[in-house]
Amino acid sequence: MARQGLNGMAGLQRFRDLVLRSRSIRRFDESAGVTGETLRDLAELACYVPSPRNLQPLKFLAVSDPERCKALFPMLGWAGYLPDWPGPEPGERPRGYIVMLGDTSISRDFACDSGIAAEAIMLGASSMGLGGCIIGSLERDGLRRLLRIPGRYELLLVLAIGRPAETVVVDEMDEADPVRYWRDPNGIHHVPKRRAGDIMADFGDDPC
Ligand SMILES: Cc1cc2nc3c(=O)[nH]c(=O)nc-3n(C[C@H](O)[C@H](O)[C@H](O)COP(=O)(O)O)c2cc1C
């Protein structure tokens, strides 16, 4: 039993390391390609995640063709907390995108599905040395036209994927300016996160 417990902790530690490593990445080594097959393998992870009523209403488009990536890039909004940074420069842009769609012929509620699937895909990307960013700030009409997405699909998120070319560190949250991420003079991206002790609710165990 004790040994099983230890293995369990080691497994959790490895998974925690993966979650910790899986930060939002917004600058990439554009010389390192990402194939359509890799994007499809990552999207396939969404086949195995939980879904309310097991409806599985999500569909995915893998975009890896350089010309299509170029056309798609301007339709994404990057890093709202960094107003002086317009987004990744040429040479540091994502090499592929997974466009997440909600099929309204299956459901009209995608809120849980989209988050669960997005994180599974981002963890998968991190596990293979890739990285990326979930993008919800989208020029949806333009994307719909560009990718010829029929009206029955809701455009939910775009997952930008590439080989990371930036350092991201997690900081303990500071009371003064709690949630805004920022970049230091060395270009290191800092993400404040609440402490574990601050997210555990404790309402006492006295009976009411
Ligand atoms: C649903 C969702 C939408 C997001 N949309 C954007 C976005 O439009 N642009 C962007 O740069 N980052 C976006 N992000 C990334 C967040 O800014 C990021 O998760 C947050 O800053 C924390 O950083 P971390 O992912 O490294 O923990 C989004 C994240 C989620 C979960």
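Residues numbered from 1 in each chain as written. Predicted model: local features only at pLDDT ≥ 70, side-chain atom pairs only at ≥ 80, totals over all residues. Heavy atoms only, no water.

## Description of the layout of surface pockets
- Here the largest pocket is characterised by a volume of approximately 390 Å³.
- Every residue along the wall of the largest pocket is listed here: Arg16, Val19, Leu20, Arg23, Val170, Asp171, Glu172, Lys193, Arg194, Arg195, Ala196 and Ile199.
- Residue assignment for the lining of the largest pocket shows that the elements contributing at least two residues are α1 (2-21), β5 (168-172) and α6 (196-199).
- Here the residues of the lining of the largest pocket sort into five nonpolar, no polar and seven charged.
- Quantified by volume, the second largest pocket comes out at close to 300 Å³.
- What lines the second largest pocket is a set of 19 residues, among which Ser22, Arg23, Ser24, Ile134 and Lys193 lie closest to the centre.
- Among the elements of the structure, α4 (111-127), β3 (131-135) and β7 (189-193) are those that each provide at least two residues to the lining of the second largest pocket.
- Each residue belonging to the lining of the second largest pocket can be placed in one class, and the counts come to nine nonpolar, six polar and four charged.
- When residues of the lining of the second largest pocket are sorted by domain, at least three fall in each of domain 1 (23-166) and domain 2 (167-201). (1 Å grid on protein atoms, 1.4 Å probe; cavity = no way out; pocket = protein on both sides within 12 Å on 5 of 7 lines; lining within 4 Å. Points joined across faces, edges and corners; volume = space filled by probe spheres on them. Helix = DSSP H or I, 4+ residues; strand = E, 2+ residues; numbered from the N terminus. Nonpolar A, V, L, I, M, F, W, Y, C, P; charged D, E, K, R; others polar. Domains from an automatic or database assignment.)

## Details of the side chain of serine 126
- Positionally, serine 126 belongs in helix α4.
- Only 2.9 Å separates the side chain of serine 126 from the side chain of serine 22, close enough to count as a polar contact.
- Contact partners of serine 126, with chain neighbours within four places excluded, come to Leu18, Arg21 and Ser22. (Polar contact = N/O pair within 3.5 Å; in protein donor to acceptor, adjacent residues only side chain to side chain. Contact = heavy atoms within 4.5 Å.)

## Focus: the packing of aromatic side chains
- Taken as a whole and judged by the stated rule, the model has two aromatic pairs.
- The ring of tryptophan 85 is capped by arginine 183, whose NZ or CZ atom sits 4.2 Å from the centre of that ring. (Phe/Tyr/Trp six-rings, centres within 6.5 Å; stacked < 30°, edge-to-face > 60°. Lys NZ or Arg CZ within 6 Å of the ring centre and 35° of its normal.)

## A word on the site of the ligand
- By nearness alone, 14 residues border the ligand, and Arg23, Ser24, Arg26, Ala79 and Lys193 come closest of all.
- At 2.8 Å, a side-chain N or O of arginine 26 approaches an oxygen atom of the ligand.
- A distance of 3.0 Å separates a nitrogen atom of the ligand from a polar backbone atom of isoleucine 134.
- Across the complex, the protein chains shield 68% of the 620 Å² of accessible surface that the ligand would expose by itself.
- For the shell around the ligand, the secondary structure elements donating two or more residues are β3 and β7.
- Ranked by residue count, the leading element in the shell around the ligand is β3, at three residues.
- Along the lines of polarity and charge, the residues of the shell around the ligand split into seven nonpolar, four polar and three charged.
- The two domains that each donate at least three residues to the shell around the ligand are domain 1 (23-166) and domain 2 (167-201). (Near = heavy atom within 4 Å. Areas by Shrake-Rupley, 256 points an atom, 1.4 Å probe, with all protein chains shown as cover.)

## Details of the domain arrangement of the chain
- Taken domain by domain, the chain comprises domain 1 (23-166) and domain 2 (167-201).
- Between the C-alpha centres of domain 1 and domain 2 the distance comes to 24 Å.
- In this complex, domain 1 contributes eleven residues to the contact, which on the side of domain 2 involves eleven residues.
- A buried area of about 1,100 Å², summed over both sides, lies between domain 1 and domain 2, and 55% of it is on carbon and sulfur atoms.
- It is Arg23, Tyr81 and Glu166 in domain 1 that bury the most area against domain 2; as a group they hold 56% of the surface buried on that side.
- Inspection of the region where domain 1 meets domain 2 yields one salt bridge.
- Inspection of the region where domain 1 meets domain 2 yields four residue pairs in polar contact (both at pLDDT 80 or more). (Buried area = accessible area lost by both parts, 1.4 Å probe. Salt bridge = Lys/Arg side-chain N within 4 Å of Asp/Glu carboxyl O.)

## A short note on the sheet that holds β5
- The strand order across the open sheet built from three strands is β5-β7-β6, with neighbouring strands paired in mixed fashion. Sheet topology places β5 and β6 (182-183) at the edges, where each strand pairs with a single neighbour.
- Pairing of β5 with β7, which is carried by five bridges, proceeds in the parallel orientation. Its bridge partner being in β7, valine 168 is matched across the sheet by histidine 189. (Pairing = 2+ DSSP bridges.)

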